[in-house]
Number of protein chains: 4
Amino acid sequence: MSQRQSKSEAAGNRESERRRTILRAAIDVFARKGYHGCRVADVAREAGVAYGLVYHYFKNKDELLETVVETGWSGFVSRMRAVAEDESTSLEEKVRGIADVAFEAYRVDPRAVKVLILEVARSPAGTQVVSRQQAFLDTIRMAATMFARSQTTGELRADLDPMLCASLLFGAIELGLTAFVSGLMEDRSPEALDRAKLQIAESFLRGVLPGAAAPPEASWKQEKVSSGTKQKVGKRS
Amino acid sequence: MSQRQSKSEAAGNRESERRRTILRAAIDVFARKGYHGCRVADVAREAGVAYGLVYHYFKNKDELLETVVETGWSGFVSRMRAVAEDESTSLEEKVRGIADVAFEAYRVDPRAVKVLILEVARSPAGTQVVSRQQAFLDTIRMAATMFARSQTTGELRADLDPMLCASLLFGAIELGLTAFVSGLMEDRSPEALDRAKLQIAESFLRGVLPGAAAPPEASWKQEKVSSGTKQKVGKRS
Amino acid sequence: MSQRQSKSEAAGNRESERRRTILRAAIDVFARKGYHGCRVADVAREAGVAYGLVYHYFKNKDELLETVVETGWSGFVSRMRAVAEDESTSLEEKVRGIADVAFEAYRVDPRAVKVLILEVARSPAGTQVVSRQQAFLDTIRMAATMFARSQTTGELRADLDPMLCASLLFGAIELGLTAFVSGLMEDRSPEALDRAKLQIAESFLRGVLPGAAAPPEASWKQEKVSSGTKQKVGKRS
Amino acid sequence: MSQRQSKSEAAGNRESERRRTILRAAIDVFARKGYHGCRVADVAREAGVAYGLVYHYFKNKDELLETVVETGWSGFVSRMRAVAEDESTSLEEKVRGIADVAFEAYRVDPRAVKVLILEVARSPAGTQVVSRQQAFLDTIRMAATMFARSQTTGELRADLDPMLCASLLFGAIELGLTAFVSGLMEDRSPEALDRAKLQIAESFLRGVLPGAAAPPEASWKQEKVSSGTKQKVGKRS
DNA sequence: AATGAATGAGGTTTCATTCAT
DNA sequence: CATGAATGAAACCTCATTCAT
């Protein structure tokens, strides 16, 4: 802030600046080519720094991803948690808040969200450090807990599985965002984003809130027996 | 079937038997460690065949995945399409049918579904052959078309984006299945699967069908302005 | 042995042949440039094989050295042990036998001995797998035990430290061999080797066997006080 | 000495102080992990100075070792030479003197001695600057010359190879010291050191001085033919 | 003098793919 | 068909050295 920074301050700033540059480059490259599809050299080139500098700031390629994920995810999760555990709000507000957080994250840094979706949300279990895979699941569990609490207050239909509600909500949000990330949605304007967010939240709420308008269950109840048996879904030719 | 098979038949059968063994092994290994996390040798070992035999039946590692995906996905898609484009059924039945197809596929071969979810649904755009990435998106587009048609008949609320509806449905289904795949759902009995399927379909339908019971929109309409702006979601420190 | 070898036999032979080729090349290269001074590529080139084949037969560069050492050393040690623990021989015969084993090893494969001397005998403790450093020390300990036993039978002067006797013997042998390895000894003919071997064994024996002719200790006893004090050997602080 | 030092003197002192600190650290680190097993950063950390400062005082890593060796070795050699070339002493006194010098060097700075043993005495020929490898050999040659002279005066048995005598002496001393360095000798007290020194010198002298008590050569003369032939020392299977 | 960030050549290791048997 | 040894390009990582401050 002061006109003159002490040497160490200046150095400290430059260091974190470089570090951030590399992290930024990593996000961009990971988003573009995927973690496995890019080389450390790509990240370095994107960042405009020498090869070895990446290893000055990060132990190895994996830690680079780990850091990208952690910084991106931890903020996301803490905001999510703040919304989900706010005792002064209704379930409805919470759900809308969660959608807000997710879409806002996308608005601010779509590429980072893409990396999170691609490399964190889904990835073989055993492969990486527990944290990565777990991070995503923990978030869903957190939401499930939120839904379970809502059932005790009657805000959520009692016949629903809270874990499934959570999956449903996050699945909708995630694939909604994926639609933007992947180019399925042509209009990526802020307004379109906002509309998508609202639609997702609203549809979800309509579906799970205890409302008068139950869907005409009768029609499917009688055919549910057949489901799962009449379909032949043999995987291989 | 006959006691004696002609030479070519026998050879053909033995070949496809081996081929199938390898494909099966590939599915299992991909599901366990991911495409990038495993080596061709792992697949060969899992199949109990020699190293080079994999290359006898498949051009390269990528074709192996391609084949896994194609055989798994094409059946899935055709069944999906049959359901979605059946002109004699209501939207509700179609949606339930889609959920049926997805969950039945999981019931029959959960590991194959896992591979499809991991390696097909999400993966960086540029990386692989177009087909893979496209396959998933095409399916969503197909569902979007289905929803769009339903709007013309008044079966679906007109104010919803069909593409988003498709994302919402598939997102819910996919993450629902992920909940099983990842172990989030402890009870993986057929009954639990069935329950999940029904809940997902029903909640989705409730949310998007034109019903009397609109959710209390008033409550959020007045705060919607703020959403996407008041939240501070800065990704990095 | 038979004219026709079964497939696996042939393969087995070819495999071990290659493996041996690489090991041989490693010995030569290690002897010439040292473990740290050469690249895996050098070994591959020397062996006339492709780069990656080295890794087909050995886990990594370190295992390559480990194997060189083990195969070379284990034979050496077992022969040494056979000599040292033979209860039917006199100490004198044992000492001569040990010199035999060492010099014969050098005659048979001087480069392998060079590698053993360079990379095994001495090397920082913590660096490598225990076995390497320990192997050498264990051999000395074995000899020390042999000397200790000889003291009980009166074959060795009782006033000597067995461990030091072992060090003395092996030090003499090792540096004797080093004189050949390093080119200090110009004549490397078998006869010269034999002469060196005999001289070393004989001088050692003269020095440690209980003989009438004690060295004129008187002469140094009176000046021993000064030793270790008058010399200024400060390495610089 | 004077109360006031000129600026350059002061600077010079400070410089050499730092320089010495780094050199000291290098000795310790080299002794602990070996030249190849450590990084320049390790030396810097051990010295408690910044990374680049090492390069302020030394051209490169190799010069660091070179300097360690030179300062350590040159003093050692000049003391050794003073003893070996002192025309007023008997061979016996010279040998005892050499042992004195070596053990005193170890007493004063065992780690420096370890480095000398590890990095100087043995190291592949081609690897480094000639001086290093040569330094050790030259010392042995010097001793060999000393022994050769002793033969002309009849102090040393005429049937011995002077070069081998030198190797024998230094081998015994070196491995004697190694026994201490490596922990083979449990008692490392000054007294134990002194005892070892005396035993080595005395045994060596007994072995090589022309004494009445020749070892019973007869016993081995008749079996010497076999040596080197009956032993099967094939290195590999 | 002192610092440690920055550089990049050089080495190791992996693993998809080919090929001889 | 089947095998698995052989190949080598491509990626990762290390670390000596330089350089701007």
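Residue numbers restart at each chain and count upward from 1, following the sequence in its written direction. Chain labels run from A onward and ligand labels from 1 onward, assigned in the order the entries are written. At least 70 in pLDDT is required for a residue's local features to be given in this predicted model, at least 80 for side-chain atom pairs to be given and counted, and no such filter applies to totals for whole chains, interfaces and linings, which use all residues. Hydrogens and waters are ignored; side-chain quantities use all the structure's heavy atoms.

Looking only at helices and strands, chain A features ten helices and zero strands. Only DSSP runs of H or I covering at least 4 residues are called helices, and only runs of E covering at least 2 are called strands; the numbering of each starts at the N terminus. Reading chain A from its N end, one meets helices and strands in the order α-α-α-α-α-α-α-α-α-α. For every residue, the accessible area (1.4 Å probe, protein chains only) is compared with the maximum for its type, and the residue is labelled buried under 20%, exposed over 50%, or partly exposed between those bounds. A total of 237 residues make up chain A; the buried ones form 54% of that total. Per-residue and other accessible areas follow the Shrake-Rupley method at a 1.4 Å probe size, with only the shown protein chains counted as cover for residues. Summing over all exposed atoms, chain A offers an accessible surface of approximately 10,900 Å²; the carbon and sulfur share of this is 52%.

This next bit is on the packing of helix H4 (residues 61–84) of chain D against helix H5 (residues 91–108) of chain D. Working note: a packed helix pair is described by the angle between its axes plus the distance between those axes. Residues and elements named next belong to chain D. To obtain an axis, a line is fitted to C-alpha atoms, over the contacting stretch when the element is a helix, and the angle between two such axes runs from 0 to 180 degrees between their N-to-C directions. The N-to-C vectors of H4 and H5 enclose an angle of 165°; their axes lie 9 Å apart at closest approach. Taken together, the axes of H4 and H5 are roughly antiparallel relative to one another. Handedness of the crossing formed by H4 with H5: right-handed. Residues Phe-76, Arg-79, Met-80, Val-83 and Ala-84 of H4 form the contact with H5, whose own contacting residues are Lys-94, Gly-97, Ile-98, Val-101, Ala-102 and Ala-105. Each residue is assigned to one class: nonpolar for Ala, Val, Leu, Ile, Met, Phe, Trp, Tyr, Cys and Pro, charged for Asp, Glu, Lys and Arg, and polar for all the others, Gly among them. Counted by class, the contact of H4 with H5 contains eight nonpolar, one polar and two charged residues. Roughly parallel means an angle under 35 degrees; roughly antiparallel, over 145; roughly perpendicular, 65 to 115; everything else is oblique. Crossing handedness follows the turn of the near helix against the far one: under a right angle anticlockwise gives a left-handed crossing, and clockwise gives a right-handed one. A contact between two residues is defined here by any heavy atoms of the two lying within 4.5 Å.

Residue-level confidence of the predictor is summarised by pLDDT, bounded by 0 at the bottom and 100 at the top. Across chain A, pLDDT averages 83, with 78% of residues at or above 70. Segment residues 215–237 of chain A: pLDDT under 50, and 36 contacts once partners within four positions in sequence are set aside and those in other chains are kept.

This brings us to the environment of A:Ile98. All names here are of chain A. Examined against the element boundaries, Ile-98 turns out to sit in helix H5 (residues 91–108). Each C-alpha atom, one on Ile-98 and one on Glu-87, is 14 Å from the other, the two residues being eleven residues apart in sequence. What Ile-98 contacts, discounting residues up to four positions off in sequence, is Met-80, Val-83, Met-146, Leu-169, Phe-170 and Ile-173.

Further remarks concern the domain arrangement of chain A. All names here are of chain A. What marks off one domain from the next here is an automatic or database domain assignment. As assigned here, chain A comprises domain 1 (6–58) and domain 2 (61–210). The interface of domain 1 with domain 2 comprises 19 residues on the first partner and 13 residues on the second. By buried area we mean how much accessible surface two parts lose on assembly, using a 1.4 Å probe and totalling the loss over both. Summing the contributions of domain 1 and of domain 2, the shared interface buries around 1,500 Å²; its carbon and sulfur component is 68%. On the domain 1 side of the interface with domain 2, the three residues burying the most area are Phe-30, Ala-31 and Tyr-35, jointly 41% of the side's total. One side-chain nitrogen of Lys or Arg within 4 Å of one carboxyl oxygen of Asp or Glu is enough to make a salt bridge. Summed over the shared surface of domain 1 and domain 2, the number is two salt bridges. Across the pair Arg-24 and Asp-109 runs a salt bridge, and its minimum N-O distance is 2.8 Å.

One heavy atom suffices: a residue is near a molecule or strand as soon as one of its heavy atoms comes within 4 Å of it. Residues in close proximity to DNA strand E total 30 residues, the closest being A:Arg18, A:Tyr57, C:Tyr51, C:Tyr55 and D:His56. For DNA strand E, the fraction of atoms within 4 Å of the protein that belong to sugar or phosphate moieties is 67%. Throughout this description, a polar contact denotes any pair of N or O atoms lying within 3.5 Å of each other; where both atoms belong to protein, one of them has to be capable of donating a hydrogen while the other can accept it, and for residues adjacent in sequence the pair is counted only when both atoms sit in side chains. The contact in question runs from a phosphate oxygen of DNA strand E to an N or O atom on the side chain of C:Tyr55, over 2.8 Å. Contributing elements (two or more residues each) for the surface near DNA strand E: helix H1 (7–33) and helix H3 (51–57) of chain A, helix H3 (51–57) of chain C together with helix H3 (53–57) of chain D. Per-element accounting of the surface near DNA strand E gives the leading share, five residues, to H3(A).

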